[in-house]
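One-letter residues, chain by chain:
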Amino acid sequence: MKERERTPGAGRRRPARERVLAAAARRFYSDGVTATGIDTITAEAGVAKMSLYNNFSSKADLVRAYLDARHEEWLTRYRSRLQRAESPRDGVLAVFDTYVDSAASPHGDGFRGCGLLNAAAEMPAGDEGRALVRRHKEEVERLMAGHLTELLPDRPDAARTTAEHLAFLLEGAVTRAGLEGDSSRLRRARAMAASLLDRL
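Quick summary incoming for the structure in this document. Each residue is numbered by its place in its chain's sequence as written, counting from 1. Only residues with pLDDT of 70 or above have their local features reported here, since the model is predicted, and side-chain atom pairs are shown and tallied only from 80 upward, although totals for entire chains, interfaces and linings are computed over all residues. With hydrogens and water excluded, all non-hydrogen atoms of the structure serve as input to the side-chain values.

Summing up its helical and strand segments, the protein chain has nine helices and two strands in all. The helix and strand sequence of the protein chain, counted from the amino end, reads β-β-α-α-α-α-α-α-α-α-α. Oriented by its inertia axes, the alpha-carbon framework of the protein chain measures out at about 60 × 40 × 30 Å. Between buried and exposed lies partly exposed: a residue is buried under 20% and exposed over 50% of the maximum accessible area for its type, with that area taken using a 1.4 Å probe on protein chains only. A burial count over the protein chain gives 41% of its 200 residues as buried. Summarising the internal contacts of the protein chain: among those between residues at least 6 apart in sequence, 61% fall at separations of at least 24. Helical segments are the DSSP runs of H or I of at least four residues, strand segments are the runs of E of at least two, and each set is numbered from the N terminus. The contact criterion used is simple: two residues touch if any of their non-hydrogen atoms lie within 4.5 Å.

Below, the structure is given as structure tokens:
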């Protein structure tokens, strides 16, 4: 029987897989993928090493699960923001707001930038994890391009170019915000994006 922990106030037990993934997410984000060993993760998760390997075939498998989970977490936040959008312009800005929300969320030692990009920076060229991160970044740009296509229905080239421009702006802001440990750069980038959209 797999190890489980009781979820506070819920009266249910949390599966070992969830505990391991949550612990890995905290340690990978705060300390880095390479610096975080299996022993650290199992100790923080409160499970035996065998429980980790019953759920993940290797550390690389756990890292991929972490990247998938961060991608899904971002999409969930974006969809929540999108529900409040009343126009294609708002849809583009919802992408920026999702990153602002991520920077404002509780992190162990503060905001360190995009967890996906941080992890990818530790992986060798050709690693499957880097491909997962690249797909996430491409999806973010596609989401903006979709909103811009609605905003500029007769100007598809301008919509694509503007989406790329905003993706570059966003990535630069995420990097600077990670270095500075707060969301001010992201908020400034959102304001720049709003100004650019108003000029289209």
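So much for the structure itself; the text now carries on.
By this rule the span expected of a helix is its residue count minus one, scaled by 1.5 Å. Its 16 residues place the ends of helix H1 (residues 16-31) 22 Å apart at the C-alpha level, agreeing with the 22 Å of an ideal helix rising 1.5 Å per residue. Buried within H1 we find Ala16, Arg19, Val20, Leu21, Ala22, Ala23, Ala24, Phe28, Tyr29 and Ser30. Looking one or two places after H1, you find glycine 32, whose phi comes out positive at around 100°.

Mapped onto the fold, aspartate 97 is located in helix H5 (residues 88-104). Here aspartate 97 is in contact with Arg81 and Arg190, once residues within four sequence places are set aside.

Turning our eyes to something else, we now look at the packing of aromatic side chains. Geometry of aromatic contacts follows a simple scheme: Phe, Tyr and Trp rings, the Trp one being its six-membered ring, pair when their centres are within 6.5 Å, and the pair is stacked under 30 degrees between planes, edge-to-face over 60, tilted otherwise. The full count for this structure, using the stated rule, is three aromatic pairs. Seen from their ring centres, tryptophan 74 and tyrosine 99 are 5.5 Å apart, and the 55° between their planes marks the pair as tilted. In this pair, tryptophan 74 is assigned in helix H4 (residues 59-82) and tyrosine 99 in helix H5, connecting sequence segments 25 residues apart. Taken together through their ring pairs, the aromatic side chains of Trp74, Tyr78 and Tyr99 make up a single cluster.

Only buried residues count toward a nonpolar core, which is a set of Ala, Val, Leu, Ile, Met, Phe, Trp, Tyr and Cys residues joined through side-chain atoms within 4.5 Å. Of all hydrophobic cores here, the largest spans 56 residues; its most connected members are Leu62, Leu67, Met144, Leu166, Leu170 and Leu186. Discounting chain neighbours no more than four positions away, the residues touching leucine 62 are Val20, Leu21, Ala24, Phe28, Ile41, Leu52 and Phe56.

The axes of two packed helices give the description: the angle between them and the distance between them. Lines are fitted to the C-alpha atoms to define the axes, a helix being fitted only along its stretch in contact, and any angle between axes, read from their N-to-C directions, falls within 0 to 180 degrees. Interaxial distance between H5 and helix H7 (residues 128-151) falls to 7 Å at its minimum, and their mutual angle equals 155°. Classed by the angle they form, the pair H5 and H7 counts as roughly antiparallel. Remark: the crossing between H5 and H7 carries left-handed chirality. Where H5 approaches H7, its residues Pro88, Arg89, Gly91, Val92, Val95, Phe96 and Tyr99 are matched on the opposing element by His136, Lys137, Val140, Met144, His147, Leu148, Glu150 and Leu151. Three residue categories are used. Nonpolar comprises Ala, Val, Leu, Ile, Met, Phe, Trp, Tyr, Cys and Pro, charged comprises Asp, Glu, Lys and Arg, and polar comprises the others, including Gly. Tallied by class, the residues present in the contact of H5 with H7 amount to nine nonpolar, three polar and three charged. These descriptions rest on fixed angle ranges, namely under 35 degrees for roughly parallel, over 145 for roughly antiparallel, 65 to 115 for roughly perpendicular, and the rest for oblique. Crossings are sorted by hand: turned counterclockwise from the far helix by less than a right angle, the near helix makes the crossing left-handed, and turned clockwise it makes it right-handed.

Turning our eyes to something else, we now look at the pattern of salt bridges. Salt bridges, as used here, are contacts in which a Lys or Arg side-chain nitrogen is within 4 Å of a carboxyl oxygen on Asp or Glu. This model, assessed by the stated rule, comprises 18 salt bridges. Residue aspartate 90 is joined to arginine 89 by a salt bridge in which the shortest nitrogen-to-oxygen separation is 3.9 Å. We classify arginine 89 as partly exposed; its relative accessible area is 26%. Between arginine 134 and glutamate 138 there is a salt bridge, with its nearest N and O atoms 2.8 Å apart. Taken together, the residues arginine 134 and glutamate 138, both in helix H7 and four residues apart, mark about one turn of the helix. For arginine 134, a relative accessible area of 59% gives the class exposed. Residue class for glutamate 138 comes out partly exposed when judged on its relative accessible area of 32%. The network of salt bridges with shared partners includes Arg26, Arg27, Asp31 and Glu44.

Function cannot be inferred from these measures alone, as they are strictly geometric.
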